[in-house]
Protein chains: 2
Amino acid sequence: MKPGTLYGISLGPGDPGLITVKGLELLRQADRVYYAGSRATDGAESSYSRRMLDSHGLAADRLRGVFVPMSEDRTVAESAYREAFAGLLADCQAGRRVAFACEGDISFYSTFSRLLAFAHEATLPVEIVAGVPAFLLGAAVQAHPLATGPERIAVLPRLRVADELARCLETFDVAVLIKIRGVAAQVADLAERHGWSLLLCEHLGAPNQFVSTRPDDLRTRALPYLSLLIVRRTSP
Amino acid sequence: MKPGTLYGISLGPGDPGLITVKGLELLRQADRVYYAGSRATDGAESSYSRRMLDSHGLAADRLRGVFVPMSEDRTVAESAYREAFAGLLADCQAGRRVAFACEGDISFYSTFSRLLAFAHEATLPVEIVAGVPAFLLGAAVQAHPLATGPERIAVLPRLRVADELARCLETFDVAVLIKIRGVAAQVADLAERHGWSLLLCEHLGAPNQFVSTRPDDLRTRALPYLSLLIVRRTSP
């Protein structure tokens with residue numbers, strides 16, 4: 001691990017054992033490990049990443065939380081990221097071994113993206129360690145391939161209109177929906193009408209993991225923010 | 001690791017350090033580790049997975065190659081898989097700790113899929129350990145997010161008609177093309193016409209890794225079978 005380089009480390013989804021060997025080695029060598037979390041309006045801080053970091057026995061005095069306030073106003077998040085980057089850059093320039101750790105894969109819809117853009121602006125050397133994205137843990141939990149042969153996969157984050165999914169599944173075999181709260185009930189209706197199969201995934205890899213193939217769970221459950229859904233045109 | 005269960009272990013792409021901590025622990029506990037490879041018409045056997053397994057220091061007498069003959073006739077491959085599964089099932093039934101290891105993620109276009117189907121038919125208990133798919137290592141090598149925010153990703157294996165990619169990029173932001181030999185030159189032409197950015201990836205994570213953003217490399221290189229391409233509608 002070279003001092004003066006920013007290491008972006010993927011933690012994998014939920015289960016701490018799903019970090020890569022390389023990622024864990026680099027975290028253990030780091031002088032500072034930054035990680036993302038959120039701060040609610042009442043000031044309460046939470047972080048999925050922190051739980052995973054703690055389970056690897058990393059010393060708490062090397063950990064630095066970047067807590068982004070929950071707000072519709074994106075300038076609030078922007079200034080939290082900018083402030084965090086200033087600290088991180090100072091650590092790199094002081095010759096410390098600095099990592100930023102993110103759940104899932106750090107290139108795949110990650111909160112690290114904003115910091116990475118600042119790092120490129122500042123021409124800070126960056127090294128990224130890839131990881132396991134949550135949707136592939138969903139396939140593993142079901143013990144069914146996500147896709148084989150010529151099958152096509154669509155990844156649709158923050159879908160707002162469920163009909164777009166129906167159009168997509170005319171040419172794709174599998175759709176991975178991320179952040180599904182707005183359209184969950186509509187997707188359940190469409191799935192029943194078209195005979196699609198569903199896999200609802202909540203907190204994959206964590207002790208409170210919940211998975212379900214029942215459309216009704218999409219209608220009745222209070223879905224967590226990061227829940228994901230694998231929709232297949234045909235049954236597994 | 002429970003004897004009598006088949007463990008499907010993802011090795012990650014090329015770089016042996018990109019296996020998960022959990023996957024490596026299970027491989028070390030296994031009595032038998034099956035892995036896939038191919039047999040050329042001259043009888044020569046090759047296996048990406050074997051190189052990774054050897055680098056983890058697993059004893060060679062525990063490794064069992066499943067070498068599938070290269071043939072247009074899929075019944076040849078089918079009978080090779082069926083024979084391998086018979087051996088694997090016998091090992092499980094004899095109470096051995098049995099794993100099957102595959103490069104990349106084992107649920108993502110993996111040669112394991114056929115064996116997994118046999119395992120389900122035989123009601124053999126299966127446990128899958130997710131891994132890092134190659135396309136996310138491509139994003140890591142470029143130190144650019146594969147996707148952020150509401151961006152949509154399409155995964156298109158074995159594309160035969162490059163115009164389908166143009167249609168796809170009307171509604172998707174990023175396309176991941178796997179097994180691109182047939183359409184590589186056409187994609188280069190389209191990319192230049194539409195101003196898309198390209199990332200050609202060969203042997204990611206391996207010592208002979210090659211990546212390029214130049215359309216001409218798609219026209220002039222002899223692309224390996226498993227080469228992949230990340231196409232973005234806009235520049236990173």
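So, here's what we can say about the structure. (Residues numbered from 1 in each chain as written. Chains lettered and ligands numbered in written order. Predicted model: local features only at pLDDT ≥ 70, side-chain atom pairs only at ≥ 80, totals over all residues. Heavy atoms only, no water.)

### What about the environment of Arg50(A)?
Residues and elements named next belong to chain A.
Here is step 1 of the chain: Along the chain, arginine 50 falls in helix 2 (residues 48-55).
Here is step 2 of the chain: Arginine 50 sits in the partly exposed class, given a relative accessible area of 25%.
Here is step 3 of the chain: Between the alpha carbons of arginine 50 and arginine 64 there is a distance of 9.5 Å; along the sequence they are 14 residues apart.
Here is step 4 of the chain: For arginine 50, the contacting residues outside a window of four places in its chain are Tyr35, Ala60 and Leu63.
Here is step 5 of the chain: Among the polar contacts made by the side chain of arginine 50, one reaches the side chain of tyrosine 35 at a distance of 2.8 Å. (Helix = DSSP H or I, 4+ residues; strand = E, 2+ residues; numbered from the N terminus. Buried < 20%, exposed > 50% of the residue type's maximum accessible area, 1.4 Å probe, protein only. Contact = heavy atoms within 4.5 Å. Polar contact = N/O pair within 3.5 Å; in protein donor to acceptor, adjacent residues only side chain to side chain.)

### Examining the packing of aromatic side chains
The geometry of two aromatic rings is summed up by the distance between their centres and the angle between their planes.
Here is step 1 of the chain: Within this structure, the stated rule accounts for 11 aromatic pairs over all chains.
Here is step 2 of the chain: Both rings, one in Phe108(A) and one in Tyr109(A), keep their centres 4.8 Å apart while their planes meet at 80°; by these two values the pair is edge-to-face.
Here is step 3 of the chain: Both rings, one in Phe108(B) and one in Phe135(B), keep their centres 5.3 Å apart while their planes meet at 35°; by these two values the pair is tilted. You can see Phe108(B) sitting in the loop between strand 5 (98-102) and helix 4 (112-121) and its partner Phe135(B) sitting in helix 5 (residues 134-142), a full 27 residues away along the chain.
Here is step 4 of the chain: An aromatic cluster of three or more residues is present, and its members are Phe108(A), Tyr109(A) and Phe135(A).
Here is step 5 of the chain: Here the basic side chain of Arg221(A) rests over the ring of Phe210(A), its NZ or CZ set 3.4 Å away from the ring centre. (Phe/Tyr/Trp six-rings, centres within 6.5 Å; stacked < 30°, edge-to-face > 60°. Lys NZ or Arg CZ within 6 Å of the ring centre and 35° of its normal.)

### Comments concerning the packing of helix 3 (residues 74-93) of chain B against helix 4 of chain B
Residues and elements named next belong to chain B.
Here is step 1 of the chain: One way to put it is that helix 3 packs onto helix 4 with a least axis distance of 10 Å and a crossing angle of 50°. As far as their axial angle goes, helix 4 and helix 3 are oblique. Like other packed secondary-structure pairs, helix 3 and helix 4 cross with a definite hand, here right-handed. Only Arg114, Leu115, Phe118 and Ala119 of helix 4 make contact with helix 3, whose side of the interface consists of Glu78, Tyr81, Arg82, Ala84 and Phe85.
Here is step 2 of the chain: Considered class by class, the residues forming the contact of helix 3 with helix 4 number six nonpolar, no polar and three charged. (Axes fitted to C-alpha atoms, helices over the stretch in contact; angles between N-to-C directions. Parallel < 35°, antiparallel > 145°, perpendicular 65-115°, else oblique. Left-handed = near helix turned anticlockwise from the far one by under 90°. Nonpolar A, V, L, I, M, F, W, Y, C, P; charged D, E, K, R; others polar.)

### What to know about the side chain of Ser38(B)
Residues and elements named next belong to chain B.
Here is step 1 of the chain: Structurally, the position occupied by serine 38 is in strand 2 (residues 32-39).
Here is step 2 of the chain: The class for serine 38 is buried, based on a relative accessible area of 19%.
Here is step 3 of the chain: Excluding residues within four positions of it along the chain, serine 38 makes contact with Ala44, Glu45, Ser46, Phe67, Val68 and Met70.

### Observations regarding the environment of Tyr7(A)
Residues and elements named next belong to chain A.
Here is step 1 of the chain: Its location among the elements puts tyrosine 7 in strand 1 (residues 6-10).
Here is step 2 of the chain: Overall, the relative accessible area of 3% leaves tyrosine 7 in the buried class.
Here is step 3 of the chain: C-alpha separation for the pair tyrosine 7 and glycine 23, spaced 16 residues apart in sequence, amounts to 9.3 Å.
Here is step 4 of the chain: Contacts of tyrosine 7, omitting those with residues within four sequence positions, involve Met1, Lys2, Leu26, Val98, Ala99, Phe100 and Glu127.
Here is step 5 of the chain: Looking at tyrosine 7, its side chain comes within polar contact range of the main-chain nitrogen of lysine 2, at 2.7 Å.

### Side note on the pattern of salt bridges
Here is step 1 of the chain: On inspection of all chains with the given rule, the structure shows 30 salt bridges over all chains.
Here is step 2 of the chain: Asp173(A) is paired through a salt bridge with Arg233(A); the nearest N and O atoms lie 2.8 Å apart. Residue Asp173(A) is located in the loop between helix 6 (163-168) and strand 8 (174-178), and its partner Arg233(A) is located in the segment after strand 11 (228-232); the two are separated by 60 residues in the primary sequence.
Here is step 3 of the chain: Note on Arg233(A): relative accessible area 31%, which makes it partly exposed.
Here is step 4 of the chain: Of the charged contacts, one joins Glu45(B) and Arg39(B) as a salt bridge, the two residues approaching to 2.6 Å between their closest N and O atoms.
Here is step 5 of the chain: With a relative accessible area of 44%, Glu45(B) lands in the partly exposed category.
Here is step 6 of the chain: Within this structure, Asp189(A), Glu192(A), Asp216(A) and Arg219(A) form a network of salt bridges that share partners. (Salt bridge = Lys/Arg side-chain N within 4 Å of Asp/Glu carboxyl O.)

### Observations concerning the side chain of Asp217(B)
All names here are of chain B.
Here is step 1 of the chain: Counting through the fold element by element, aspartate 217 comes out in helix 8 (residues 215-220).
Here is step 2 of the chain: You can call aspartate 217 buried: its relative accessible area is 9%.
Here is step 3 of the chain: Those residues within four positions of aspartate 217 in sequence are excluded, and the remaining contacts are Leu200, Phe210, Ser212 and Leu223.

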